[in-house]
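Observations on chain architecture
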Amino acid sequence: MIEWTPDLSTGVPKLDEQHKEIFQWLAELENATVEERTLFGVYVVTRLKHYMREHFAAEEALMRAADYPDLEQHIAQHAEFRARLEELQLKSIGEDISLDTVRFLNHWLCNHIARTDMAYVPYLKK
Ligand SMILES: [Fe+2]
Ligand SMILES: [Fe+2]
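Residues numbered from 1 in each chain as written. Chains lettered and ligands numbered in written order. Predicted model: local features only at pLDDT ≥ 70, side-chain atom pairs only at ≥ 80, totals over all residues.

1. As for helix H1 (residues 13-34)
In an α-helix there are 3.6 residues to a turn, and that puts residues three or four apart on one side. With 22 residues, H1 extends 32 Å between its outermost C-alpha atoms, agreeing within 8% with the 32 Å of an ideal straight helix rising 1.5 Å per residue. Along H1, the positions that sit buried rather than exposed are Leu15, His19, Leu29, Ala32 and Thr33. Angular distribution of buried residues about the axis of H1 spans 130°; they occupy a single face of the element. Residues Pro13, Glu17 and Val34 are exposed on H1 and point more than 90 degrees away from its buried face. Considering only its buried residues, H1 is in contact with helix H2 (38-65) and helix H4 (99-124). Just downstream of H1 lies Glu36, where phi reads positive at about 55°. (Helix = DSSP H or I, 4+ residues; strand = E, 2+ residues; numbered from the N terminus. Expected span 1.5 Å × (residues − 1). Buried ≥ 20, exposed ≤ 12 C-beta atoms within 10 Å, placed from the backbone. Arc of directions from axis to C-beta. Contact = placed C-beta atoms within 7 Å.)

This is the structure we're talking about:
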């Protein structure tokens, strides 16, 4: 099941809320895939893409304000994921998104939050 779990909490309420919303969109994407609702899939990918852009921008602004030393490397990971979503959005117009793709996005997200996002937490709390 795709959902936010407490072990992914950064302790920063605003960012946790955003992460939770991202998982909700991802769960919707899984529904669209399982139910083969192509048009709904296009809609969800589009919302997810816009929402991720907002979330990444918010995170990057906080890291910048905190003088986070690994900012560039973190931004590079965001950029790579944004590019994948862009590709996926284009692809979703012509064909259903595969469950493998949904699983990949879920895995990326959990991994990114658990490792890369967690690394900035002590700096934001300074
Ligand atoms: Fe994040
Ligand atoms: Fe991040």
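2. Observations regarding unusual backbone geometry
Although it is not a glycine, Glu36 sits at a positive phi angle of roughly 55°. Tracing the chain through its elements places Glu36 in the loop between H1 and H2. Here Asp67, not a glycine, exhibits a phi torsion of approximately 55°, which is positive. Of note, Asp67 is situated in the loop between H2 and helix H3 (71-94). On the basis of neighbour counts, which here come to 9 C-beta atoms within 10 Å, the residue Asp67 falls in the exposed class.

3. Looking at the packing of H2 against H3
One can describe the packing of H2 onto H3 by two numbers: an axis separation of 9 Å at closest approach and a directional angle of 170°. Classed by the angle they form, the pair H2 and H3 counts as roughly antiparallel. Here Gly41, Val42, Val45, Thr46, Leu48, Lys49, Met52, Arg53, Phe56, Glu60, Met63 and Arg64 of H2 lie close against H3, whose contacting residues are Leu71, His74, Ile75, His78, Arg82, Leu85, Glu86, Leu88, Gln89, Ser92 and Ile93. Here the residues of the contact of H2 with H3 are counted per class, giving 11 nonpolar, 6 polar and 6 charged. (Axes fitted to C-alpha atoms, helices over the stretch in contact; angles between N-to-C directions. Parallel < 35°, antiparallel > 145°, perpendicular 65-115°, else oblique. Nonpolar A, V, L, I, M, F, W, Y, C, P; charged D, E, K, R; others polar.)

4. Quick notes on H2
Helix length check: H2, at 28 residues, gives a terminal C-alpha distance of 41 Å against a target of 40 Å (1.5 Å per residue), a fit within 8%. Among the residues of H2, Gly41, Val44, Val45, Leu48, Glu59 and Met63 are the ones counted as buried. In the core, the buried residues of H2 are packed alongside H1, H3 and H4.

5. With respect to the packing of H1 against H4
Contact geometry for H1 and H4: axes closest at 9 Å, N-to-C directions at 165°. In terms of orientation, H1 lies roughly antiparallel with respect to H4. H1 and H4 meet at a crossing whose hand is left-handed. In contact with His19, Ile22, Leu26, Leu29, Glu30 and Thr33 of H1, H4 contributes Leu99, Val102, Leu105, Asn106, Leu109 and Ile113. Here the residues of the contact of H1 with H4 are counted per class, giving 8 nonpolar, 3 polar and 1 charged. (Left-handed = near helix turned anticlockwise from the far one by under 90°.)

6. Points about the environment of Ala65
Mapped onto the fold, Ala65 is located in helix H2. The spatial distance from the C-alpha of Ala65 to the C-alpha of Tyr123 is 9.9 Å, given a sequence separation of 58 residues.

7. Quick notes on the nonpolar core
Ranked by size, the top nonpolar core spans 10 residues in total: Leu29, Ala32, Val44, Val45, Leu48, Ile97, Val102, Leu105, Leu109 and Ile113. By residue number, the principal contributor to this core is H4, which donates 4 residues. Dropping the residues within four chain positions of it, Ile97 is found in contact with Leu29, Thr33, Gly41, Val45, Leu88, Ser92 and Val102. (Core = buried A, V, L, I, M, F, W, Y, C linked by C-beta atoms within 7 Å.)

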